[in-house]
2 protein chains.
Amino acid sequence: GASGFTLGHLPQSWERASIGGYAATRSAGQASSGFGRIDDMIESVTLATPIGTWSAGRVPASAAGPNLMQLALGSEGAFGIITEITLRVRRLAIARRYEGAIAPCFEAGIDACRELAQLGLTSAVIRLADEAETVATLSMSGPVGVKRKIFDRYLAARGVGQGALLIIGWEEHSEAILTARRDAAWAVLKKFGVVALGKGVGATWEHGRFSGPYLRDTLLDSGYLVETFETATSWAELPNLHDVVRREALAALEDPEHTPYVMSHISHVYETGASLYFTVIDSGGADSIKRWVAAKAAISSALHPAGGTITHHHAIGREHAPWLGAEIGPVGMGLLRAIKSELDPTGIMNPGVLIPVAE
Amino acid sequence: GASGFTLGHLPQSWERASIGGYAATRSAGQASSGFGRIDDMIESVTLATPIGTWSAGRVPASAAGPNLMQLALGSEGAFGIITEITLRVRRLAIARRYEGAIAPCFEAGIDACRELAQLGLTSAVIRLADEAETVATLSMSGPVGVKRKIFDRYLAARGVGQGALLIIGWEEHSEAILTARRDAAWAVLKKFGVVALGKGVGATWEHGRFSGPYLRDTLLDSGYLVETFETATSWAELPNLHDVVRREALAALEDPEHTPYVMSHISHVYETGASLYFTVIDSGGADSIKRWVAAKAAISSALHPAGGTITHHHAIGREHAPWLGAEIGPVGMGLLRAIKSELDPTGIMNPGVLIPVAE
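Residues numbered from 1 in each chain as written. Chains lettered and ligands numbered in written order. Predicted model: local features only at pLDDT ≥ 70, side-chain atom pairs only at ≥ 80, totals over all residues. Heavy atoms only, no water.

**What to know about the environment of Ile81(A)**
Residues and elements named next belong to chain A. By the secondary structure assignment, Ile 81 is in strand E4 (residues 81–87). Considering only alpha carbons, one finds Ile 81 and Trp 54, 27 residues apart in sequence, at a separation of 10.0 Å. Setting aside residues up to four positions removed in sequence, Ile 81 forms contacts with Thr 46, Leu 47, Ala 48 and Met 349. (Helix = DSSP H or I, 4+ residues; strand = E, 2+ residues; numbered from the N terminus. Contact = heavy atoms within 4.5 Å.)

**Let's talk about the relation of the copies chain A and chain B**
Superposing chain A onto chain B takes a rotation of 180° combined with a translation of 0.0 Å along the rotation axis, leaving an RMSD of 0.0 Å. Seen this way, the second copy is the image of the first under a two-fold rotation axis. The residues that chain A uses at the interface reappear at the interface of chain B in 100% of cases, marking a shared surface. (Least-squares fit on C-alpha atoms with pLDDT ≥ 70 in both.)

**What to know about the sheet that holds E4(A)**
All names here are of chain A. Overall, antiparallel pairing links the 3 strands, which are arranged E3-E2-E4 in an open sheet. Each edge of the open sheet is held by one strand with a lone partner, namely strand E3 (52–57) and E4. Averaged over neighbouring strand pairs, the angle between their axes works out to 15° when direction is ignored. In terms of strand pairing, strand E2 (residues 42–49) meets E3 through 6 bridges, oriented antiparallel. Paired with Val 45 across the bridge in E3 is Ala 56. (Pairing = 2+ DSSP bridges. Axes fitted to C-alpha atoms, helices over the stretch in contact; angles between N-to-C directions.)

**Here's the deal with the packing of helix H11 (residues 238–253) of chain B against helix H12 (residues 288–303) of chain B**
Residue and element names in this part refer to chain B. Two numbers describe how H11 lies on H12: the axes approach to 9 Å, and their chain directions differ by 155°. Put simply, H11 runs roughly antiparallel to H12. At the point where H11 passes H12, the crossing takes the right-handed sense. Residue-level contacts link Leu 241, Val 244, Val 245, Glu 248, Ala 249, Ala 252 and Leu 253 of H11 to Arg 291, Trp 292, Ala 295, Ala 298, Ile 299, Ala 302 and Leu 303 of H12. (Parallel < 35°, antiparallel > 145°, perpendicular 65-115°, else oblique. Left-handed = near helix turned anticlockwise from the far one by under 90°.)

**Re the state of the cysteines**
Residue and element names in this part refer to chain B. According to the stated counting rule, one finds 0 disulfides over all chains in the structure shown. Left without a disulfide partner, Cys 105 is nearest to the cysteine sulfur of Cys 113, which lies 12 Å away. For Cys 105, a relative accessible area of 30% translates into the label partly exposed. (Disulfide = S-S within 2.5 Å. Buried < 20%, exposed > 50% of the residue type's maximum accessible area, 1.4 Å probe, protein only.)

**Things to note about the side chain of His258(A)**
Examined against the element boundaries, His258(A) turns out to sit in the loop between helix H11 (238–253) and strand E11 (261–266). A polar contact of 2.6 Å, which involves the side chain of His258(A), links it to the backbone oxygen of Gly284(A). (Polar contact = N/O pair within 3.5 Å; in protein donor to acceptor, adjacent residues only side chain to side chain.)

**Focus on the sheet that holds strand E10 (residues 225–234) of chain A**
Residue and element names in this part refer to chain A. On the basis of which strands lie adjacent, the open sheet formed by 7 strands has the order E9-E6-E8-E7-E11-E12-E10 and antiparallel pairing. Both outer strands of the open sheet, strand E9 (195–198) and E10, are each paired with one neighbouring strand and no more. Strand-to-strand twist in this sheet, taken as the mean axis angle between neighbours without regard to direction, amounts to 25°. Strands in contact with helix H12 (residues 288–303) are E10 and strand E12 (273–282); relative to E10, the strand with the most contacts, it is inclined by about 5°.

**With respect to the nonpolar core**
Among the nonpolar cores identified, the biggest contains 187 residues, and Trp54(A), Ile266(A), Trp54(B) and Ile266(B) are the most heavily contacted of them. When sequence neighbours within four positions are dropped, the list of residues in contact with Ile266(A) reads Phe106(A), Ile110(A), Ile126(A), Arg127(A), Leu128(A), Trp235(A), Leu238(A), Ala274(A), Ser275(A) and Leu276(A). Residues Ala129(B), Leu138(B), Leu165(B) and Val195(B) belong to the second largest nonpolar core, which totals 8 residues. (Core = buried A, V, L, I, M, F, W, Y, C linked by side-chain atoms within 4.5 Å.)

Listed below in structure tokens is the structure:
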């Protein structure tokens, strides 16, 4: 900040999170398309384990055997307590530009984001809402009244009906680089029918970027059922994963008394794939928790067969534990047990997390 | 290549190496400053282990516990045989420009490379030779005769004496991006007194980029002692590590009959540090192997105390095994033993590699 540096790690949880917690859960932030996940920012880490102090990492890169630091990241307290972390910081960007855009549909937006990521044209922030989240976002913070009619006519003239909202946040070293990269990106976006909405939409997103959890809490307090979950997969599998999960969530929550609303967005793009972040809302009621637990189980079971991970940045904890085995396989689970036995032979560190406690 | 894609992995060993070998040794290539190490290119890997098939990785990113795939990379055959790898490829660059430059001295060049890396201005290839390697490179492939005199006068007029040779290889998505990034990079380079040498020097380097091992073999056949070794450390520790290692190598090989020549270059830059690749040459003789074994031991023992890794991209194997423990510590060695016991309980996979065989 004031010293001209930034970690660039901006999860919505930042007001209540700790650096050690980020590392123990492999956290990702809103700008991780440009700055990387916390995994990418950690140079070295020290843990207090039951068998002694363990330090891993140190130099920027090494070929000295397996990268053991990657066992500490995502260890969720099961191997020891993280006591020290060395982090990479970056200089604050000189040129910034946050802007909005709209793709003709979610799939066209996915194709455009894929092309940007694979051409090295990813911006610090890149978020693509599906049609349902686009409707919700624009109805909460978009234009209203006459402005809305002009907005709709503007889009219709460009062949976009409801479309998929895209937020692009550039943070570059110079205005010249920003212009060159942005021009190249827009040449790509236009090929996929994406229409510019200007800086106002970007500013609106920036203004509200950390308010999601507060809105959720307000809705929960009012008796609504509101929950989120997230996953990631390859670009090729992304459209199908989106459809499967959406269908699963709707089917699990729909009943004569409830009309659930399921919306999602891509929050992190990689060259080879992207994450999907889902929000589920319905009118709730006395049995909300029971209904959600059943829905969460149905959704979680649908992820791996459709090519998705059980979690892109929310970690395993207790909620995702039953699905870890399907993802990393019996050999992977055996490795976690072996590592746990080595570092925590009496099983006192966060028992039951990552490695099931023997019955 | 012909299909418009490249892996971007170009180690000098490519004529004799395999993809599985790259993964098992955490290989880096000449363009890994821009394309990443092999570690960065692997999406998933499958190993045949003595306890069964083990697959790790798959989605572009996950927070489902520790990243177990990082145990397969760099496993050097000690845990199983790599049977399948999914790799990321990239589209071939549209705009390319390889150029040479010269820094007033190695330390100024280090400062310039550090600034480029930390401002996000790294090119696909970036190599900085120290003064000794600059002399050797220019005497082998630089200008001669009258041209040489003009060349020296050109540098002297710009305040550069011997200097440190810098090779910068741009590979970008568009000419506009290349120009913008290159302009920003040169604004930085000029601040550190770096002088442009033009595209000819870049082309000369490209022409000879894979010939190093052949030159080495020719020299070995002629009775010379020629060997290479490499390390990496943080930017802050790099100048001292360079001096310590150079001094150690010279002291270990110098005697009344031998005047060793020790030269090095930075071959891979990261935001937080860089690698150092050393070449040692002397006139050799009957006891060359004995002298080198002693020198290699002295050099290897000097690396860790000076902040260097025992290897940045040559792996551990049998030669570096005695120094692995100093780098990863007793807890790290215990983890390797525990993982080995889990995957290879009877110790049949590449015995003695990574984990010492009990006496």
